[in-house]
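# Descriptive analysis of the structure
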Amino acid sequence: MATGTGPAAIYFVAELLKLMPAEALAQGDIAGNTPLHLSAWVGNTTAAVLLLAKNPGLLRIREERGWLPVHFAAIHAKKETLSYLLKVTFKDDAAMRTLFFSPSGSTEPSGTDLLIHVITSGFYDLALDLVHRHPQLAISQTPNDNDSGLGAIARKVQAFPSGTKLNFWERIIYTQVPVKLENYAEDPSGVEIENPVNNKQLPVQKYQWACFIGKAFSMPVSQKSQAVLWKVISLLVPGVQRIREQKQMHQHALQLVRFLVKEIVILNDLSMYDSLETKVVVNAARLGIHEVVEEIVESIPKLAWARDSECRSIYQRAVMERHENVFNLIYQMSDHKHSVSMNIDESGNNILHIAGRLAPLDKLNQVSGAALQMQRELQWFKEVEKFVRPSYIDRPNVQNETPAMVFTREHEKLVVAGGEWMKNTANSCTIAAALIATVVFAAIITVPGGNDDSNGLPIFSKEIAFTVFIISDALSLFTSTTSLLLFLSILTARYAEGDFLHVLPKRLIIGLVTLFLSITTMMVAFSSTLCLVFGQLKAWILFPVGALACLPVTSFVLLQFPLLVDLISSTYGHGIFGKQSDRQFF
């Protein structure tokens, strides 16, 4: 109970241990858990230090399901405790044999289970140290579900850059921030634990920055300057340190994948190839982790043609799940790219049939608006069509459906939803454009200050502000009328499938741009009128009026500009398809 309480009861634990014989600590509870199991469960590293100092044999005792304390620390993601238990395990030959050398046919959790749980908890640096010390873990599998370390890392989407969403500024910081990869083979823990009984203090984990700066004196001056600069930036901007840690985690994960694949190739374990083919390569393609796919195919080229249980290739899986980062590997292929589209699954579907299916809901929701979702689906279909031989474009599957028929059937509801979205957007903008056109048309007739009775010319016709008023009011009228006509054309469109690719988005883009220009020029015309009327008598009123005139323009930019950016980027941008790097894939 005391070890599971945490650091608050550590001195009670220390005093209680003085009264207990060492063998009493080996007694488990109803589930077979010793105090060391519970310390690992809650992450009480200091209690673990005291317990192992009293009875080192606790490290080798399994609970009723066969889990060792080090397994508990990995399962419950207690990194400090896990680091310490690994450190003492590597120094204890008996504990090493218990963990890594299970009898043949044993189903007790072993080093492979430990590696999988360490990876699942996200401690890729500790996993690297494990496989460096025991390379046989790279080819070992768990007896119950045939899982492996490579299979575990291939399920961790967030462990790789492809699974991390960063905004514009975060991407810039990510590419520039330096990371230092520790040599965990020398010290797997990176944590020094002091005895709280003698030193009267609890363990403190060292900061990686302190180690980094401590070694910086042996670096060249430029590198020291960069290290100091990034430290200052990290202190001033807390998000930089988070991005730095994220990048370091990605580097560790990539190193781990490379090492595991290299060991499999070195040991030439042919039995692992089938496991890789069905559980790792296909699974990585299904989850969109192109880094894992690239590393495996580079070492084992035959797995570029891996298929799942339904005879679908990794490229078909990527198209089905709408993972463009895996599909884009085709652009990095040699002439083999022409063979990608030849695969036919059990239902007679080629890759274009699969592109015609509706995207998963989570991928659709990443695109704003049903119309843009439909546009993205058309872009996928058209892009895949470029790699399909002509005879496959109209080739029917087992259900006697061509790819175009599959696309129409799967996207029937999305076409309706996209049409409704376009109509609602156009209706709202039509009202605004009509109001602006009405106001500015009336303003041009009733000019500010009135007309001169002698010649009929406006009184302020020679003023600069009046010229600004005339030009801005005319521009507002012309742009609002243009916007109104474009939105009316959207309302009367036929809403066919192909219209969502270019026709409808283009009309909406021009309509929103002209509507924005009409609002801006209307505010300019209004401000120039105030300048004419009050500019000389009450000049102080111009400043608050000018500030308030920016309010509707700013509101439009904040509310509608993201949609406009998405429309322009999706319609005229470089798109999501294309070569990701110059690295040869296959």
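Keep in mind that what you see is a predicted model, and the values were worked out from it rather than measured. Residue numbering note: each chain is counted from 1, following its sequence as written. Since the coordinates come from a predicted model, pLDDT governs what is reported: local features require at least 70, and pairs of side-chain atoms require 80 or more to be given and counted, while whole-chain, interface and lining totals use all residues. Heavy atoms throughout the structure, all of them, feed into the side-chain values; hydrogens and water do not.

### Section: the overall build of the protein chain
Applied cut-off: Counting from the N terminus, the helices are the DSSP runs of H or I reaching at least four residues and the strands are the DSSP runs of E reaching at least two. Relative accessibility under 20% of the residue-type maximum defines a buried residue, over 50% an exposed one, and the middle range a partly exposed one, all with a 1.4 Å probe and only protein chains included. Residues are treated as being in contact if the distance between any of their heavy atoms lies within 4.5 Å. For accessible areas, the Shrake-Rupley method is used with a probe of radius 1.4 Å. Any residue's cover is judged against the shown protein chains and nothing else.
Within the protein chain, the secondary structure is distributed over 27 helices and zero strands. When the 586 residues of the protein chain are sorted by exposure, 47% land in the buried category. In the protein chain, of all internal contacts separated by at least 6 residues, the share reaching a separation of at least 24 is 77%. Accessible area of the protein chain: about 28800 Å², with a carbon and sulfur share of 60%.

### As for helix α23 (residues 403–410)
We count it as follows: Taken from the helix axis, the directions to the C-beta atoms give the arc we talk about.
The set of residues buried in α23 consists of Pro403, Val406 and Phe407. One side of α23 holds all its buried residues, which, seen down the axis, span an arc of 100°.

### What about the packing of helix α3 (residues 45–54) against helix α5 (residues 79–90)?
The cut-off we apply is this: Interaxial angle, 0 to 180 degrees, is taken between N-to-C directions of lines fitted to C-alpha atoms, where a helix line uses only the stretch in contact. Our angle categories are set so that under 35 degrees counts as roughly parallel, over 145 as roughly antiparallel, 65 to 115 as roughly perpendicular, and the remainder as oblique.
Taken N-terminus to C-terminus, the directions of α3 and α5 make an angle of 25°; their axes are 9 Å apart at the nearest point. Accordingly, the angle class assigned to the pair α3 and α5 is roughly parallel. Note on element contacts: α5 touches α3 through Glu80, Thr81, Tyr84, Leu85 and Val88, opposite Thr45, Ala48, Val49 and Leu52.

### Details of empty space enclosed by the protein
What counts is decided by this rule: Only protein atoms enter the 1 Å grid, on which a cavity is a set of points fitting a 1.4 Å probe that cannot get out and a pocket is an open set with protein on both sides within 12 Å along at least 5 of 7 lines, lining residues being those with an atom within 4 Å of a point. Grid points are joined across faces, edges and corners, and a volume is the space filled by probe spheres set on the points. Nonpolar residues are Ala, Val, Leu, Ile, Met, Phe, Trp, Tyr, Cys and Pro. Charged residues are Asp, Glu, Lys and Arg, and all others, Gly as well, are polar.
Applying the stated criterion to the full structure yields one cavity of 30 Å³ or more. As a volume, the largest cavity reaches approximately 40 Å³. Lining the largest cavity, in full, are Leu59, Leu68, Val70, Thr89, Ala95, Thr98 and Leu99. If one sorts the elements of the lining of the largest cavity by residue count, helix α6 (residues 93–100) sits on top with three residues. Here the lining of the largest cavity is built from residues that sort into five nonpolar, two polar and no charged.

### Notes on the packing of aromatic side chains
The line we're drawing: Ring pairs are drawn from Phe, Tyr and Trp, using the six-membered ring of Trp, whenever the two centres fall within 6.5 Å, and their geometry is named by plane angle: stacked under 30 degrees, edge-to-face over 60, tilted for the rest. Comment: the charge-over-ring label is applied if NZ (Lys) or CZ (Arg) is within 6 Å of the ring centre and within 35 degrees of the ring normal.
Per the stated rule, a full pass over the model turns up 10 aromatic pairs. Between Trp41 and Phe72, the aromatic rings sit 5.5 Å apart at their centres with planes inclined by 80°, giving edge-to-face as the arrangement. With a gap of 31 residues between them, Trp41 in helix α2 (residues 35–42) and Phe72 in helix α4 (residues 69–75) connect regions that are remote in the sequence. Look at Phe72 and you get buried, because its relative accessible area is 3%. Between the aromatic rings of Phe327 and Phe577, the centroid separation amounts to 6.0 Å while the plane-to-plane angle is 80°, which identifies the pairing as edge-to-face. Here Phe327, found in helix α18 (residues 324–327), pairs with Phe577, found in the segment after α27 (542–572); they are 250 residues apart in sequence, far enough to count as distant. When its relative accessible area of 17% is taken as the criterion, Phe577 is described as buried. Through successive ring pairs, a cluster of aromatic residues spans Phe327, Tyr331, Trp380, Phe387 and Phe577. Sitting above the plane of the Phe90 ring, Arg133 keeps its charged end 4.2 Å from the centroid.

### Concerning a nonpolar patch on the surface
How we decide: Two distance rules govern patches: like charges are joined within 9 Å, and nonpolar side chains (Val, Leu, Ile, Met, Phe, Trp, Tyr) within 5 Å, applied only to residues with over 30% relative accessible area and no salt bridge. In what follows, salt bridge is the name for a side-chain nitrogen of Lys or Arg lying within 4 Å of a carboxyl oxygen of Asp or Glu.
On the surface, a nonpolar cluster with roughly 360 Å² of combined accessible area is contributed by Val228, Val232, Leu236 and Val237. Examined against the element boundaries, Val228 turns out to sit in helix α13 (residues 221–236). A relative accessible area of 47% means that Val228 is categorised as partly exposed.

### Some details on the packing of helix α24 (residues 412–445) against helix α25 (residues 464–491)
The criterion, for reference: Each helix crossing is assigned a hand: it is left-handed if the near helix lies turned anticlockwise from the far helix by less than a right angle, otherwise right-handed if that turn is clockwise.
Look at α24 against α25: their axes get within 8 Å of each other, and the N-to-C directions meet at 150°. One element, α24, and the other, α25, form an angle in the roughly antiparallel class. Here the hand of the crossing between α24 and α25 comes out left-handed.

### Some remarks on the environment of Ser476
Within the fold, Ser476 resides in helix α25. Take Ser476: its relative accessible area is 0%, and that puts it in the buried class. Considered as a pair, Ser476 and Met523 are 47 residues apart in the sequence and their alpha carbons are 9.1 Å apart. With near-sequence residues (within four places) excluded, Ser476 lies in contact with Ile436, Val440, Ser518, Thr521 and Met522.

### Some details on the environment of Pro562
You can see Pro562 is positioned in helix α27. In sequence terms Pro562 and Ser368 are 194 residues apart; their C-alpha atoms lie 9.7 Å from each other.

### What about the environment of Ile289?
Residue position: Ile289 is located in the loop between α15 (271–287) and α16 (290–299). Judged by relative accessible area, Ile289 falls into the buried class, the value being 0%. Taking the C-alpha atoms as reference points, Ile289 and Val157, 132 residues apart in sequence, are found 6.3 Å from one another. Among residues more than four places away in sequence, those in contact with Ile289 are Ala154, Arg155, Lys156, Val157, Phe160, Ser162, Ala284 and Val326.

### Topic: the nonpolar core
In plain terms, the rule: By convention a nonpolar core is built from buried Ala, Val, Leu, Ile, Met, Phe, Trp, Tyr and Cys residues, the set being connected through side-chain atoms within 4.5 Å.
Leu82, Ile153 and Phe327 are the most contacted members of the largest nonpolar core, which totals 136 residues. Sorting elements by how many residues they give to this core places α24 first, with nine residues. Core analysis: the next-biggest nonpolar cluster, separate from the first, contains five residues, Ala465, Phe466, Phe469 and Leu532 among them.

### A few points about the side chain of Thr34
In this structure, Thr34 sits in the loop between α1 (10–18) and α2. On the basis of relative accessible area, Thr34 is assigned to the buried category, the value being 1%. Among residues more than four places away in sequence, those in contact with Thr34 are Leu25, Ala26, Gln27, Gly28, Leu58 and Ile61.

### Description of the side chain of His353
Looking at the element boundaries, His353 is found in helix α19 (residues 351–355). We classify His353 as buried; its relative accessible area is 1%. In contact with His353, not counting residues within four places along its chain, are Gly348, Arg395, Pro396, Asn397, Glu401, Thr402, Pro403 and Val406.

### Focus: the confidence of the model for the protein chain
Where we set the bar: Along the chain, pLDDT gives the predictor's confidence residue by residue, from 0 to 100.
With 84% of its residues at a pLDDT of at least 70, the protein chain reaches an overall mean of 83. Across residues 184–221, where pLDDT falls below 50, the model places 69 contacts with residues more than four positions away in sequence or in other chains.

### Considerations on unusual backbone geometry
Although it is not a glycine, Ala77 adopts a positive phi angle of roughly 55°. In this structure, Ala77 sits in the loop between α4 and α5. Although it is not a glycine, Cys311 sits at a positive phi angle of roughly 70°. Looking at the element boundaries, Cys311 is found in the loop between α16 and α17 (314–321). A relative accessible area of 21% places Cys311 in the partly exposed class.

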